[in-house]
Amino acid sequence: METPDRHTDSPARLEQMAAHATRFVECHGPGQAPRLFFSPGRVNLFGGHLDYNGGPVMPTAIDRGTFIASRSRSDRLLRMASAFDHQVVEIDLDQLPAARVSKWVDYPLGVVIELATHLEDSGVALPGGLDVLYGGDLPIGSGLSSSASICVGTAVMLNSLWGLGLGKMDLVRVALRAERQFVGVHCGIMDPYAIGCARAGHLLWLDCKDETIEYLPMDGDRLSILVTNTGVQRALAASEFNRRVDECAQAFDILRLASPGAVCLRDIPLDVLESERGSMDPVLANRAEHVIHEVRRTFEAREHLLAGNPELMGECMNQTHESLRSLYEVSCPELDLLVEAAGHCPGAFGARLTGAGFGGCTVTLVRRGDEHEVQASLEARFEGEFGRCPQVEVYEGDPGPREITPA
Ligand code: GLA
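All of the points below concern the structure found in this document.

What counts and what doesn't
- Residues numbered from 1 in each chain as written.
- Predicted model: local features only at pLDDT ≥ 70, side-chain atom pairs only at ≥ 80, totals over all residues.
- Heavy atoms only, no water.
- Disulfide = S-S within 2.5 Å.
- Buried < 20%, exposed > 50% of the residue type's maximum accessible area, 1.4 Å probe, protein only.
- Near = heavy atom within 4 Å.
- Polar contact = N/O pair within 3.5 Å; in protein donor to acceptor, adjacent residues only side chain to side chain.
- Areas by Shrake-Rupley, 256 points an atom, 1.4 Å probe, with all protein chains shown as cover.
- 1 Å grid on protein atoms, 1.4 Å probe; cavity = no way out; pocket = protein on both sides within 12 Å on 5 of 7 lines; lining within 4 Å.
- Sits in = over half its atoms within 2 Å of the grid points.
- Nonpolar A, V, L, I, M, F, W, Y, C, P; charged D, E, K, R; others polar.
- Salt bridge = Lys/Arg side-chain N within 4 Å of Asp/Glu carboxyl O.
- Helix = DSSP H or I, 4+ residues; strand = E, 2+ residues; numbered from the N terminus.
- Pairing = 2+ DSSP bridges.
- Axes fitted to C-alpha atoms, helices over the stretch in contact; angles between N-to-C directions.
- Contact = heavy atoms within 4.5 Å.
- Expected span 1.5 Å × (residues − 1).

### Topic: the state of the cysteines
Next up, step 1: The tally for this structure, following the rule as stated, stands at zero disulfides.
Next up, step 2: Summary of cysteine pairing: Cys187 is not part of a disulfide, and the nearest cysteine sulfur, belonging to Cys151, is at 8.4 Å.
Next up, step 3: Given the relative accessible area of 10%, Cys187 is considered buried.
Next up, step 4: No disulfide involves Cys332; its sulfur sits 11 Å from that of Cys361, the nearest cysteine.

### Some words on the site of the ligand
Next up, step 1: Looking at the ligand, the residues that line it are Arg42, Gly48, His49, Asp51, Tyr52, Cys187, Gly188, Met190, Asp191, Phe241, Gly355 and Ala356.
Next up, step 2: Within the side chain of Arg42, a nitrogen or oxygen atom sits 3.0 Å from an oxygen atom of the ligand.
Next up, step 3: For the ligand, the accessible surface in isolation is 310 Å², of which the surrounding protein chains cover 92%.
Next up, step 4: Spatially, the ligand is embedded in the largest pocket.
Next up, step 5: In the shell around the ligand, the residues fall into five nonpolar, four polar and three charged.

### Quick look at the pattern of salt bridges
Next up, step 1: Scanning the model with the defined rule gives 32 salt bridges in all.
Next up, step 2: Residue Asp398 is joined to Arg402 by a salt bridge in which the shortest nitrogen-to-oxygen separation is 2.9 Å. Comparing Asp398 with Arg402 shows no difference in burial state: the two are buried.

### Describing the pairing of strand E1 (residues 35-46)
Next up, step 1: Counting buried positions over the twelve residues of E1 gives eleven, a clear majority of the element.
Next up, step 2: Where E1 and strand E2 (residues 56-72) come together, eleven bridges link them in antiparallel fashion. Counterpart to Arg42 in the pairing with E2 is Ala61.
Next up, step 3: The sheet contact formed by E1 and strand E12 (residues 402-403) spans two bridges and is antiparallel. In the sheet register, Phe38 faces E12, and the bridge partner there is Arg402.

### Remarks on the sheet that holds strand E11 (residues 391-395)
Next up, step 1: Ordered by their spatial adjacency, four strands build an open sheet running E9-E10-E8-E11, and the pairing between neighbours is antiparallel. The outermost strands of the open sheet, each flanked by one partner alone, are strand E9 (348-353) and E11. Neighbour-to-neighbour, the strand axes of the sheet open up by a mean angle of 20°, direction not taken into account.
Next up, step 2: With five bridges connecting them, strand E8 (residues 223-229) and E11 associate as antiparallel partners. By the bridge assignment, Thr228 is partnered in E11 with Val392.
Next up, step 3: Here helix H9 (residues 310-326) sits on the sheet and contacts E8, E9 and strand E10 (361-367); the angle it forms with E9, its principal contact strand, is near 25°.
Next up, step 4: Of the strands in this sheet, E8, E9, E10 and E11 are in contact with helix H11 (residues 371-386), which crosses E8 at around 20°.

### Some details on helix H3 (residues 146-161)
Next up, step 1: In this model H3 runs 22 Å from its N-terminal to its C-terminal C-alpha over 16 residues, within 8% of the 22 Å that 1.5 Å per residue would give.
Next up, step 2: Among the 16 residues in H3, 15 count as buried, and that is most of the element.
Next up, step 3: Remark: Gly163 follows H3 within two positions and exhibits a positive phi of approximately 55°.

As structure tokens, this is what we get:
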């Protein structure tokens, strides 16, 4: 993946990466200095649960992400460690495991396995072993795509250390297959695209039906993105997420019979749903209703963004949240309270849960300059209701995965 143009990493980022290099030496021992990579997370503003239904989405990469330090070994071992749990997992590159190994390591391991398959097709074996240390400043498992961040970052790092010469889209697809096939989450295409194709200062417009992308400028002088972490662990996220994917597939199988030419749920007209609703399982009809309206809302939000109308963008976000809560059933009381509280802040245009839901974070679109006021209101309301303070932070954009060389 090419280094993003005209991007200078902040002194704070360079310091974090230097500290990560120090931790690498503590973990893997002295020797040649490791190479350092940063891979952002993402926050999705519009198009909730649309990617696996062929709809459009509007995410952006954020300035929090995964740190990866890595250096070559003279043998064929891959030794992967995490700054979070000090566990070192050792893999023989000539005997890659066929099944999952442990929680976090499955993500990078899935990437290695996908790359091995990709190279095998061209008759190339995996190059030599590596010591790797993962870390970062992205809340894990909170709907900000820590999993795609680690997968795309690993693909970028391996491409570079192993000199594979793969292009950006190949790496994005390798990361996606790692999550889908090895880790086993039936995720859509949004997260690795949002990270791998990021451009700072822009929302990515990704049409998930034909995988086309466009960059829509985000008016950073007027708008801020505030992310509030409920701290609610998304215990059910993987199983319930897969269930939603399955329910949408079932709804489509029914509705396509009355919609010749439709290739995904995004293509079903509302009047077809209304005429079939009586004979459908009400849960499946609700899932389809969310998707059909959310597609329309996402096109509307795009127009509001291009017209410079954050008030109407915010309304779309509020409506999305309501639909995700009542029709798609992926919210929880903590997320609902934060969205409701944002509705009372004059500086907040709108809010919704982001990512898969079932806990995790809300994203709030805020007038630049009003962040502290909105933050204080959200904290006070949340604390009054749940007796603890949520983590509220302003996230800036990010230009995408890259190698970083500290001074
Ligand atoms: C998760 C998935 C994405 C997307 C969102 C919901 O983050 O990984 O592919 O489906 O949920 O919009």
